Amino acid sequence: MAGTKRPPRKGESGPRERGPERPGRPARPRRSPRPGQRRPGRPRAEAAEAVASSPERLQKVISEAGLASRRGAERLIEEGRVTVNGQVVTQQGLKVDPAADKIKVDGRLIGPPQRMHYYMFNKPAGYLTTLADPRGRPTISIFLAQLPVRVFPVGRLDMDVEGLLILTNDGPLAKRLMHPSSQVPKTYRIKVSGRPSEEALAKLRDGSLMLGERPAAPAGAEMIKTAEDRSWILLTITEGRHHQVKRMCSAIGHPVLKLKRVAYAGLTLGTLHRDNIRPLTPQEIQVLKDACEV
Ligand code: URA
């Protein structure tokens, strides 16, 4: 799976190889599949295939199995909770073969490592960020069905919001990216009604804006341009509260008219067209890991 795909158009038998980027808006899928149903097309690869393994540091194997962060794995080893082939190991950095060695944490066997997949998706508005909706509304699963592996979104964008969504089957990384303590930066290009004053923007920046019972953390807020009755703002937040950007903008008296996420955890949407998905490069995967110190 090397390229970006959009859902097949009517009359196409399956996903095409990605051609050169074309201007204009690619057609949207005509219908979303019913919940639990997959659009016909290329068969998916197994959800998670085992990878051929070679000797790895024990703490890396434990953290990649999703049991702990790298530091957490070191602690597990230090505390004598890890055995390799029946022997307690307290030494850091021991090289093990995850396919051949029997590694247990607190007596539970760690399975062989899985191949991880990471993609960037430019989600269009009009789709729920979920894999199935009991009410039958369109979901992003129609786009994900073209990928060779089963992945899930890291966090959510509202149905009417578009932009950058990370897709992966790396559960531990996704969990850390979404954890509030990671304070991963998320940047939105927002069209708001009216023209926010400098004081209003200062409220977004200084952490004094109340959202429910507690204030929103300080955000980066920059006016991009203004028109007669609307303005465009670039807002960077490090929290992920429910409808956070819409609530922040409403709280300063300038409701959101349109919202697009343009950056996430140091990655930017760049030229990725709406509806399209592309694999992350190894450098981009490292940027995500660095953002939450996995
Ligand atoms: N803030 C919102 O209000 N909605 C989103 O989808 C993301 C951030």
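Everything here concerns the structure above.
What this report covers is the structure whose coordinates are included nearby.

Observations regarding the sheet that holds strand β5 (residues 103-105)
What the four strands build is an open sheet, ordered β3-β2-β5-β6; its pairing is antiparallel. Across the chains shown, the open sheet's two edge strands, defined by having one partner strand only, are β3 (87-88) and β6 (108-109). Of the pairings in the sheet, the one linking strand β2 (residues 82-84) to β3 comprises two bridges and is antiparallel in character. The partner of Val84 across the bridge, within β3, is Gln87.

With respect to the site of the ligand
As a matter of local geometry, the ligand sits amid Leu157, Asp158, Val161, His243, Gln244, Val245, Lys246 and Leu259. The element that contributes the greatest number of residues to the shell around the ligand is helix α6 (residues 244-251), accounting for three residues. Inspection of the shell around the ligand shows a minimum of three residues originating in each of domain 2 (118-180 + 269-292) and domain 3 (185-264).

As for the packing of helix α4 (residues 171-178) against helix α7 (residues 282-292)
Direction vectors running N to C along α4 and α7 enclose 50 degrees, while the axes themselves pass 9 Å from each other. Relative to α7, the element α4 lies oblique. For the crossing formed where α4 meets α7, the hand is left-handed. On the side of α4, the interface is formed by Leu173, Arg176 and Leu177, while α7 contributes Leu288, Lys289, Ala291 and Cys292. Tallied by class, the residues present in the contact of α4 with α7 amount to five nonpolar, no polar and two charged.

Some thoughts on the pairing of strand β14 (residues 230-237)
Burial along β14 is one-sided: Ser231, Ile233, Leu235 and Ile237 are buried, while Arg230, Trp232, Leu234 and Thr236, pointing the other way, are not. Here strand β10 (residues 186-193) runs beside β14; their pairing, made up of eight bridges, is antiparallel. Its bridge partner lying in β14, Tyr188 is registered against Leu235. Summarising the sheet, strand β13 (residues 220-226) and β14 pair through six bridges and their orientation is antiparallel. Looking at β14, one finds that Met223 is bridged to Ile233. Connecting β13 to the next strand, β14, in antiparallel fashion are three residues.

Quick notes on the rules
- Residues numbered from 1 in each chain as written.
- Predicted model: local features only at pLDDT ≥ 70, side-chain atom pairs only at ≥ 80, totals over all residues.
- Pairing = 2+ DSSP bridges.
- Helix = DSSP H or I, 4+ residues; strand = E, 2+ residues; numbered from the N terminus.
- Near = placed C-beta within 6 Å.
- Domains from an automatic or database assignment.
- Axes fitted to C-alpha atoms, helices over the stretch in contact; angles between N-to-C directions.
- Parallel < 35°, antiparallel > 145°, perpendicular 65-115°, else oblique.
- Left-handed = near helix turned anticlockwise from the far one by under 90°.
- Contact = placed C-beta atoms within 7 Å.
- Nonpolar A, V, L, I, M, F, W, Y, C, P; charged D, E, K, R; others polar.
- Buried ≥ 20, exposed ≤ 12 C-beta atoms within 10 Å, placed from the backbone.

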